[in-house]
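# Residue-level structural notes
Letter by letter, the chains look like this.
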Amino acid sequence: MSETSTVARWDESPFVKACRREPTEVTPVWLMRQAGRYMPEYRAVRAKVSFLELCKDPALATEVTVTAAERLGVDAAILFADILLILEPLGLDLEFAKGEGPVIHNPIRERTHVDRIQPLTDVAPLGYVMDAVRSIRSALRPETPLIGFAGAPFTLACYAVEGGGSRHYELAKSFMYRDQGAWDALMERLVDATALYLNAQVAAGAQALQLFDSWVGNLSPFDYRRFVLPHMQRLFAKLTPGVPIIHFGTDTGSLLELQRDAGGHVIGLDWRVELDAAWNRLGTGVAVQGNLDPVVLFAPRTEIENQARRVLNQAAGRPGHIFNLGHGILPHTPVDNVVALVDLVHTHSQKSRAPG
Ligand code: 1CP
């Protein structure tokens, strides 16, 4: 069947091989938020529809995903969606307010509110995401893997409790400290829903998954162990076997070993850690993704080149490095610098692997 040969092409892509810690001819690179505001093609689409409308329209989601992957020449595409979409079918009233970011109008502030979170028994309410996965998969080049994703339960719980973005997470963390039983119940519901959702993305055609635990770096190791680790382990155990999973967080320099113990084939690193030192701590059993500071993309080209080379040198050609930023591309980033970065990574990683 023709599908068999197509599957084999994704399977042999540098990105998927790196997830499995196999050697690759060049270091694969993709960039978080590669389809976003910094790109004029994205802004043109967004001028016509709201952010939620864009997420819920599989044809438009396909257009922005594929345009970004092709314009940049990256080694993987990421589904265009948002980590917060799952909160709607769980019973939360989500809005992306103009200029303010996400707002949840009925946040979870106490024990009795946890019951508002309905168990997700069927992914039908998120069917538009699976439609987008199918549509993106058929529009992408067969050799380009598609990454599906979800928010990790802690980061989702932060939004659910805070009712939006936050700086110190005092509402979410004090909820956790005040009533561990209610916190665990909330996390369990988020874990079950997220597992169902991610497995549906795989069934619809995603080749890899990324769990975004963007805000988990706000926890101490002591609290991570008590309030997050067991839930993450339960989540990883529920995910479709054989599908590479990237476990990403920011500001996680003190949590890396715990994140590795929680699960994932690839650990995402931000720029606050040295890639080589972090990888040594994690050991040879995992691949790593990262870790250029997104603000370097505002620097002169020579600085971008020096810093990209430094990241590659720290990985030192070890199998299992996926080049990425330490967090998403910022909205005012010059597109040309992003295109140049992808080229630099491909060119220099080939050279750095030439036999000496
Ligand atoms: O106005 C716009 O056009 C919306 C900007 C935007 C975009 C482009 C938001 C709003 N979300 C997205 C897309 C998105 N979000 C993607 C797919 C695109 C890609 O990567 O190419 C992904 C993977 C996400 C994930 C996401 N959403 C995260 C985790 C990653 C991260 O940045 O840490 C988080 C925290 C969100 C929440 C979110 N979505 C959008 C906003 C403004 C926010 C709030 C961020 C905050 O609290 O500071």
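This text goes with the structure placed above it.
One structure accompanies this document, and this report is about it. (Residues numbered from 1 in each chain as written. Predicted model: local features only at pLDDT ≥ 70, side-chain atom pairs only at ≥ 80, totals over all residues. Heavy atoms only, no water.)

### Some points on the pattern of salt bridges
Where charged atoms from two side chains of opposite charge approach closely, those side chains can pair. Selection criterion: Throughout this description, the term salt bridge denotes a Lys or Arg side-chain nitrogen within 4 Å of a carboxyl oxygen of Asp or Glu. Under the scheme used here, helices are H or I runs from DSSP no shorter than 4 residues and strands are E runs no shorter than 2 residues, and both carry numbers assigned from the N terminus.
Evaluation of the coordinates by the stated rule reveals 18 salt bridges. Salt-bridge contacts for lysine 56 lead to glutamate 88; the nearest nitrogen and oxygen are separated by 2.8 Å. You can see lysine 56 sitting in the loop between helix H4 (51-55) and helix H5 (58-72) and its partner glutamate 88 sitting in the loop between strand E1 (77-78) and strand E2 (94-97), a full 32 residues away along the chain. Its salt-bridge partner being glutamate 70, residue arginine 141 comes within 3.9 Å of it at the nearest N-O pair. Taken together, the residues arginine 141 in the loop between helix H6 (127-139) and strand E4 (146-151) and glutamate 70 in helix H5 connect sequence positions 71 residues apart.

### Quick notes on the sheet that holds strand E9 (residues 321-325)
Filter applied, for reference: Between any two strands, at least two bridges found by DSSP are needed for them to pair. Here, residues are in contact when the closest pair of their heavy atoms is within 4.5 Å. Angles run from 0 to 180 degrees between N-to-C directions of axes, and those axes are lines fitted to C-alpha atoms, restricted for helices to the stretch in contact.
Spatially, seven strands are ordered E1-E4-E5-E6-E7-E8-E9 in an open sheet, and the strand pairing comes out parallel. Of all the strands in the sheet, the pair left with one neighbour each is E1 and E9. Where strand E5 (residues 208-213) lies against strand E6 (residues 245-249), five bridges are found, and the strand directions are parallel. Paired with aspartate 213 across the two strands is glycine 249, which belongs to E6. Across the face of the sheet, helix H9 (residues 180-204) comes into contact with E4 and E5 while running at roughly 170° to E4.

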